[in-house]
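Architecture and fold: a report
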Amino acid sequence: DDQIERERASQNLSGGCCALAAIYLMGKFYVANAGDSRAIIIRNGEIIPMSREFTPETERQRLQFLAFLRPELLGKEFTHLEFPRRIQPKELGKKMLYRDQNMNGWAYKKVEEDDLKFPLIYGEGKKARVMATIGVTRGLGDHDLKVFSSNIHIKPFLSCFPEVRVYDLTQYEHCPDDVLVLGTDGLWDVTNDKEVASVVMEVLTSYEPNDPCRYTMVAQELVLRSRGVLKERGWRMANDRLGSGDDISVFVIPLGGPGNYT
(Lines give C-alpha, C1' and ligand atoms only; values in the text may rest on other atoms or scores of the structure.)
Protein backbone atom coordinates (compact mmCIF):
# COMPACT_ATOMS: atom_id res chain seq x y z
CA ASP A 1 0.00 0.00 0.00
CA ASP A 2 2.88 2.36 0.80
CA GLN A 3 4.56 1.50 -2.50
CA ILE A 4 1.38 2.31 -4.43
CA GLU A 5 1.27 5.67 -2.66
CA ARG A 6 4.89 6.39 -3.59
CA GLU A 7 4.21 5.48 -7.24
CA ARG A 8 1.18 7.74 -7.19
CA ALA A 9 3.41 10.66 -6.27
CA SER A 10 6.42 9.82 -8.46
CA GLN A 11 4.65 8.45 -11.57
CA ASN A 12 1.25 10.14 -11.30
CA LEU A 13 -0.51 6.77 -11.06
CA SER A 14 -3.78 6.32 -9.21
CA GLY A 15 -6.17 3.50 -8.52
CA GLY A 16 -6.57 0.56 -6.19
CA CYS A 17 -7.47 -3.09 -5.93
CA CYS A 18 -8.39 -5.87 -3.54
CA ALA A 19 -5.85 -8.56 -2.68
CA LEU A 20 -6.15 -12.29 -2.04
CA ALA A 21 -2.97 -14.34 -1.56
CA ALA A 22 -2.24 -17.99 -0.78
CA ILE A 23 1.23 -18.95 0.46
CA TYR A 24 2.47 -22.49 1.14
CA LEU A 25 5.09 -22.76 3.91
CA MET A 26 6.23 -25.88 5.76
CA GLY A 27 3.10 -27.91 5.25
CA LYS A 28 0.61 -25.10 5.76
CA PHE A 29 -1.43 -22.83 3.50
CA TYR A 30 -1.69 -19.22 4.65
CA VAL A 31 -4.57 -17.41 2.93
CA ALA A 32 -4.59 -13.62 3.31
CA ASN A 33 -7.55 -11.56 2.16
CA ALA A 34 -7.97 -7.78 1.96
CA GLY A 35 -11.14 -7.05 0.01
CA ASP A 36 -14.16 -8.88 -1.35
CA SER A 37 -12.48 -11.81 -3.10
CA ARG A 38 -12.97 -15.27 -1.58
CA ALA A 39 -11.07 -18.52 -1.04
CA ILE A 40 -12.56 -21.92 -0.23
CA ILE A 41 -11.10 -25.39 0.15
CA ILE A 42 -13.06 -28.32 -1.25
CA ARG A 43 -11.98 -31.51 0.51
CA ASN A 44 -13.82 -34.78 -0.09
CA GLY A 45 -16.85 -32.73 -1.14
CA GLU A 46 -16.77 -30.63 2.04
CA ILE A 47 -16.51 -26.83 1.73
CA ILE A 48 -14.08 -25.09 4.09
CA PRO A 49 -14.15 -21.25 4.00
CA MET A 50 -10.66 -19.73 3.95
CA SER A 51 -11.62 -16.04 3.87
CA ARG A 52 -14.48 -13.62 4.40
CA GLU A 53 -15.46 -10.56 2.40
CA PHE A 54 -14.76 -7.08 3.78
CA THR A 55 -17.66 -4.83 2.88
CA PRO A 56 -19.45 -1.84 4.45
CA GLU A 57 -21.87 -4.33 6.04
CA THR A 58 -19.30 -6.75 7.49
CA GLU A 59 -17.08 -3.93 8.77
CA ARG A 60 -19.82 -1.54 9.82
CA GLN A 61 -18.68 -1.22 13.44
CA ARG A 62 -15.00 -0.62 12.56
CA LEU A 63 -15.97 2.14 10.14
CA GLN A 64 -18.41 3.74 12.55
CA PHE A 65 -15.90 3.62 15.40
CA LEU A 66 -13.27 5.43 13.31
CA ALA A 67 -15.84 8.07 12.31
CA PHE A 68 -16.87 8.43 15.96
CA LEU A 69 -13.25 9.01 17.03
CA ARG A 70 -12.46 11.34 14.12
CA PRO A 71 -15.67 13.10 13.04
CA GLU A 72 -13.63 15.54 10.93
CA LEU A 73 -13.18 12.70 8.40
CA LEU A 74 -16.90 12.95 7.62
CA GLY A 75 -16.77 16.61 6.64
CA LYS A 76 -20.12 18.26 7.22
CA GLU A 77 -22.02 15.92 4.94
CA PHE A 78 -22.13 12.56 6.75
CA THR A 79 -23.13 11.01 10.07
CA HIS A 80 -21.56 7.89 11.56
CA LEU A 81 -24.98 6.67 12.77
CA GLU A 82 -26.96 4.18 10.71
CA PHE A 83 -30.71 4.27 10.17
CA PRO A 84 -33.00 1.79 8.38
CA ARG A 85 -33.74 4.46 5.76
CA ARG A 86 -33.03 8.08 4.91
CA ILE A 87 -34.58 10.48 7.39
CA GLN A 88 -36.72 13.34 6.06
CA PRO A 89 -36.67 16.88 7.55
CA LYS A 90 -40.32 16.53 8.51
CA GLU A 91 -39.32 13.72 10.91
CA LEU A 92 -37.24 15.98 13.18
CA GLY A 93 -38.18 15.35 16.81
CA LYS A 94 -39.74 11.97 16.07
CA LYS A 95 -38.28 8.64 17.20
CA MET A 96 -36.35 6.52 14.70
CA LEU A 97 -34.46 3.21 14.87
CA TYR A 98 -30.69 3.62 14.72
CA ARG A 99 -27.42 1.88 15.61
CA ASP A 100 -23.89 3.08 16.28
CA GLN A 101 -20.40 1.57 16.60
CA ASN A 102 -21.23 -0.19 19.88
CA MET A 103 -24.48 -1.82 18.81
CA ASN A 104 -25.30 -5.08 17.06
CA GLY A 105 -29.05 -4.55 17.33
CA TRP A 106 -31.19 -1.45 16.93
CA ALA A 107 -32.58 1.11 19.41
CA TYR A 108 -34.74 4.23 19.21
CA LYS A 109 -33.52 7.83 19.34
CA LYS A 110 -35.11 11.22 18.78
CA VAL A 111 -34.21 12.57 15.34
CA GLU A 112 -31.92 15.61 15.52
CA GLU A 113 -30.57 18.01 12.88
CA ASP A 114 -27.30 16.07 12.49
CA ASP A 115 -29.24 12.89 11.74
CA LEU A 116 -30.42 14.39 8.45
CA LYS A 117 -26.87 14.08 7.07
CA PHE A 118 -26.13 11.24 4.66
CA PRO A 119 -25.11 8.08 6.61
CA LEU A 120 -21.51 6.86 6.49
CA ILE A 121 -22.80 3.45 5.40
CA TYR A 122 -25.84 3.30 3.14
CA GLY A 123 -27.50 0.46 1.27
CA GLU A 124 -27.65 -3.29 1.70
CA GLY A 125 -25.78 -6.24 0.22
CA LYS A 126 -23.79 -5.46 -2.92
CA LYS A 127 -25.38 -1.99 -3.00
CA ALA A 128 -23.92 -0.99 0.38
CA ARG A 129 -21.42 1.87 0.05
CA VAL A 130 -19.04 3.84 2.26
CA MET A 131 -19.95 7.52 1.85
CA ALA A 132 -22.00 6.59 -1.23
CA THR A 133 -18.73 5.83 -3.03
CA ILE A 134 -17.13 2.40 -2.59
CA GLY A 135 -18.49 -1.04 -1.75
CA VAL A 136 -15.34 -2.69 -0.38
CA THR A 137 -13.51 -1.70 2.79
CA ARG A 138 -10.08 -3.33 2.54
CA GLY A 139 -7.55 -3.32 -0.27
CA LEU A 140 -4.52 -1.57 -1.71
CA GLY A 141 -4.25 1.94 -3.11
CA ASP A 142 -7.17 4.32 -3.71
CA HIS A 143 -5.23 7.12 -2.01
CA ASP A 144 -6.90 9.72 -4.27
CA LEU A 145 -10.44 8.43 -3.93
CA LYS A 146 -12.87 11.13 -2.79
CA VAL A 147 -16.59 11.53 -2.34
CA PHE A 148 -18.12 12.85 -5.57
CA SER A 149 -17.97 16.64 -5.88
CA SER A 150 -16.26 17.06 -2.52
CA ASN A 151 -12.86 17.10 -0.88
CA ILE A 152 -13.67 14.27 1.54
CA HIS A 153 -11.16 11.41 1.28
CA ILE A 154 -12.33 7.78 1.48
CA LYS A 155 -8.87 6.31 2.14
CA PRO A 156 -8.88 6.70 5.95
CA PHE A 157 -11.73 4.18 6.09
CA LEU A 158 -10.04 1.64 3.80
CA SER A 159 -7.69 -0.83 5.49
CA CYS A 160 -4.80 -2.49 3.67
CA PHE A 161 -4.35 -5.09 6.43
CA PRO A 162 -5.53 -8.59 5.46
CA GLU A 163 -7.20 -11.25 7.55
CA VAL A 164 -5.06 -14.42 7.50
CA ARG A 165 -6.38 -17.96 7.87
CA VAL A 166 -4.20 -21.05 8.16
CA TYR A 167 -4.85 -24.55 6.84
CA ASP A 168 -2.58 -27.40 7.91
CA LEU A 169 -2.21 -29.85 5.03
CA THR A 170 -0.42 -32.40 7.23
CA GLN A 171 -3.58 -33.03 9.26
CA TYR A 172 -5.44 -34.71 6.39
CA GLU A 173 -4.94 -37.16 3.54
CA HIS A 174 -5.67 -35.31 0.30
CA CYS A 175 -6.54 -36.78 -3.07
CA PRO A 176 -6.19 -35.02 -6.47
CA ASP A 177 -9.84 -33.88 -6.27
CA ASP A 178 -9.16 -31.77 -3.15
CA VAL A 179 -8.51 -28.16 -4.21
CA LEU A 180 -8.16 -24.59 -3.04
CA VAL A 181 -10.28 -22.19 -5.12
CA LEU A 182 -9.42 -18.48 -5.21
CA GLY A 183 -11.85 -16.17 -6.97
CA THR A 184 -12.63 -12.48 -7.31
CA ASP A 185 -16.08 -11.13 -6.47
CA GLY A 186 -17.10 -11.46 -10.12
CA LEU A 187 -17.33 -15.20 -9.49
CA TRP A 188 -19.00 -15.17 -6.09
CA ASP A 189 -21.57 -12.49 -6.97
CA VAL A 190 -23.44 -15.02 -9.12
CA THR A 191 -22.10 -18.43 -8.00
CA ASN A 192 -22.26 -19.67 -4.40
CA ASP A 193 -19.89 -22.06 -2.64
CA LYS A 194 -22.02 -25.15 -3.30
CA GLU A 195 -22.35 -24.35 -7.00
CA VAL A 196 -18.57 -23.87 -7.27
CA ALA A 197 -17.97 -27.20 -5.51
CA SER A 198 -20.41 -28.90 -7.88
CA VAL A 199 -18.57 -27.54 -10.96
CA VAL A 200 -15.23 -28.58 -9.45
CA MET A 201 -16.34 -32.18 -8.96
CA GLU A 202 -18.11 -32.32 -12.33
CA VAL A 203 -15.06 -31.19 -14.32
CA LEU A 204 -12.43 -33.08 -12.30
CA THR A 205 -14.22 -36.41 -12.72
CA SER A 206 -14.05 -36.00 -16.52
CA TYR A 207 -10.22 -36.05 -16.47
CA GLU A 208 -7.64 -38.58 -15.31
CA PRO A 209 -6.23 -37.83 -11.81
CA ASN A 210 -2.71 -37.35 -13.21
CA ASP A 211 -3.79 -34.92 -15.97
CA PRO A 212 -2.37 -31.52 -14.93
CA CYS A 213 -4.71 -29.54 -17.20
CA ARG A 214 -7.78 -30.66 -15.22
CA TYR A 215 -7.36 -27.80 -12.71
CA THR A 216 -7.00 -25.18 -15.46
CA MET A 217 -10.16 -26.52 -17.06
CA VAL A 218 -12.05 -26.19 -13.77
CA ALA A 219 -10.98 -22.53 -13.47
CA GLN A 220 -11.97 -21.89 -17.09
CA GLU A 221 -15.36 -23.52 -16.60
CA LEU A 222 -16.06 -21.46 -13.48
CA VAL A 223 -15.30 -18.26 -15.38
CA LEU A 224 -17.42 -19.24 -18.39
CA ARG A 225 -20.43 -20.29 -16.34
CA SER A 226 -20.33 -17.16 -14.19
CA ARG A 227 -20.07 -14.87 -17.22
CA GLY A 228 -22.79 -16.70 -19.13
CA VAL A 229 -23.79 -16.21 -22.76
CA LEU A 230 -24.55 -12.87 -24.39
CA LYS A 231 -28.24 -12.70 -25.29
CA GLU A 232 -30.66 -9.93 -26.21
CA ARG A 233 -31.24 -9.20 -22.52
CA GLY A 234 -27.54 -9.17 -21.64
CA TRP A 235 -25.21 -11.87 -20.31
CA ARG A 236 -27.24 -14.83 -19.08
CA MET A 237 -26.21 -17.97 -17.22
CA ALA A 238 -27.59 -21.45 -17.95
CA ASN A 239 -30.52 -20.95 -15.54
CA ASP A 240 -31.30 -17.61 -17.26
CA ARG A 241 -30.04 -15.65 -14.26
CA LEU A 242 -28.06 -12.51 -15.03
CA GLY A 243 -24.38 -13.36 -15.50
CA SER A 244 -21.56 -11.48 -13.80
CA GLY A 245 -20.74 -8.09 -15.26
CA ASP A 246 -17.59 -7.78 -13.16
CA ASP A 247 -14.04 -8.95 -13.77
CA ILE A 248 -13.68 -12.67 -13.01
CA SER A 249 -10.36 -14.26 -12.04
CA VAL A 250 -10.15 -17.84 -10.73
CA PHE A 251 -7.30 -20.03 -9.53
CA VAL A 252 -7.76 -23.73 -8.73
CA ILE A 253 -4.87 -25.22 -6.77
CA PRO A 254 -4.61 -28.98 -6.07
CA LEU A 255 -3.94 -30.03 -2.48
CA GLY A 256 -2.97 -33.63 -3.30
CA GLY A 257 -1.01 -35.27 -6.11
CA PRO A 258 -1.67 -38.45 -8.10
CA GLY A 259 0.33 -40.42 -5.52
CA ASN A 260 -2.29 -39.63 -2.91
CA TYR A 261 -5.18 -40.88 -5.04
CA THR A 262 -7.12 -43.87 -3.74
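Residues numbered from 1 in each chain as written. Predicted model: local features only at pLDDT ≥ 70, side-chain atom pairs only at ≥ 80, totals over all residues. Heavy atoms only, no water.

Concerning the sheet that holds strand β14 (residues 179-183)
The strand order β5-β4-β14-β17 describes an open sheet built from 4 strands, whose pairing is antiparallel. The sheet is open, and its two borders are formed by β5 (46-49) and β17 (250-254), each paired with just one other strand. Neighbour-to-neighbour, the strand axes of the sheet open up by a mean angle of 20°, direction not taken into account. Packing of helix α5 (residues 213-227) onto the sheet brings it into contact with β14 and β17, and relative to β17 it is tilted by some 150°. (Pairing = 2+ DSSP bridges. Helix = DSSP H or I, 4+ residues; strand = E, 2+ residues; numbered from the N terminus. Axes fitted to C-alpha atoms, helices over the stretch in contact; angles between N-to-C directions. Contact = heavy atoms within 4.5 Å.)

A word on the pairing of strand β2 (residues 19-25)
Note: β2 against strand β3 (residues 28-34), 7 bridges, orientation antiparallel. Note that in β3 the partner of alanine 21 across the bridge is alanine 32. The loop that links β2 with its antiparallel partner β3 comprises 2 residues; one of these, methionine 26, has a positive phi angle of about 50°.

Side note on the packing of aromatic side chains
We describe a pair of aromatic rings using the distance from one ring centre to the other and the angle between the two ring planes. For the structure on display, the rule yields 4 aromatic pairs. Their ring planes at 85° and their centres at 6.1 Å tell us that phenylalanine 78 and phenylalanine 118 sit as a pair that is edge-to-face. Separated by 40 residues along the polypeptide, phenylalanine 78 in strand β6 (residues 78-79) and phenylalanine 118 in strand β9 (residues 118-119) bring together distant segments of the chain. With a relative accessible area of 5%, phenylalanine 78 lands in the buried category. Both rings, one in tyrosine 167 and one in tyrosine 172, keep their centres 5.8 Å apart while their planes meet at 10°; by these two values the pair is stacked. With relative accessibility at 5%, the residue tyrosine 167 sits in the buried group. Using a relative accessible area of 40% as the deciding quantity, one classes tyrosine 172 as partly exposed. (Phe/Tyr/Trp six-rings, centres within 6.5 Å; stacked < 30°, edge-to-face > 60°. Buried < 20%, exposed > 50% of the residue type's maximum accessible area, 1.4 Å probe, protein only.)

Regarding the nonpolar core
It is characteristic of soluble globular proteins that their nonpolar side chains tend to be buried jointly. Val181, Val196, Leu222 and Val252 are the most contacted members of the largest nonpolar core, which totals 19 residues. Among the elements of the structure, β4 (38-43), β14, α3 (185-188), α4 (193-204), α5 and β17 are those that each provide at least two residues to this core. No other element matches the 6 residues that α4 contributes to this core. In terms of nonpolar packing, the next biggest core, distinct from the first, is built from 16 residues, Leu73, Ile134, Val136 and Ile154 among them. (Core = buried A, V, L, I, M, F, W, Y, C linked by side-chain atoms within 4.5 Å.)

Section: the domain arrangement of the protein
Parsing the protein into structural domains produces domain 1 (1-52 + 162-254) and domain 2 (59-157). Once you take the C-alpha centre of each, domain 1 and domain 2 turn out to be 31 Å apart. At the junction of the two partners, domain 1 supplies 17 residues and domain 2 supplies 10 residues. Summed over both partners, the interface of domain 1 with domain 2 buries about 1100 Å², with 52% contributed by carbon and sulfur atoms. Considering only the side of domain 1, the residues that lose the most area to domain 2 are Asp1, Arg8 and Cys17, jointly responsible for 34% of the buried surface there. Linking domain 1 with domain 2 are 5 salt bridges. Lysine 155 is paired through a salt bridge with aspartate 1; the nearest N and O atoms lie 3.0 Å apart. (Domains from an automatic or database assignment. Buried area = accessible area lost by both parts, 1.4 Å probe. Salt bridge = Lys/Arg side-chain N within 4 Å of Asp/Glu carboxyl O.)

Observations regarding the packing of α4 against α5
Look at α4 against α5: their axes get within 9 Å of each other, and the N-to-C directions meet at 135°. Our classification of the angle between α4 and α5 gives oblique. Helix-helix and strand crossings are classified by hand; for α4 and α5 the assignment is right-handed. Note on element contacts: α5 touches α4 through Arg214, Tyr215, Met217, Val218, Glu221, Leu222 and Arg225, opposite Val196, Val199, Val200, Glu202, Val203 and Leu204. (Parallel < 35°, antiparallel > 145°, perpendicular 65-115°, else oblique. Left-handed = near helix turned anticlockwise from the far one by under 90°.)

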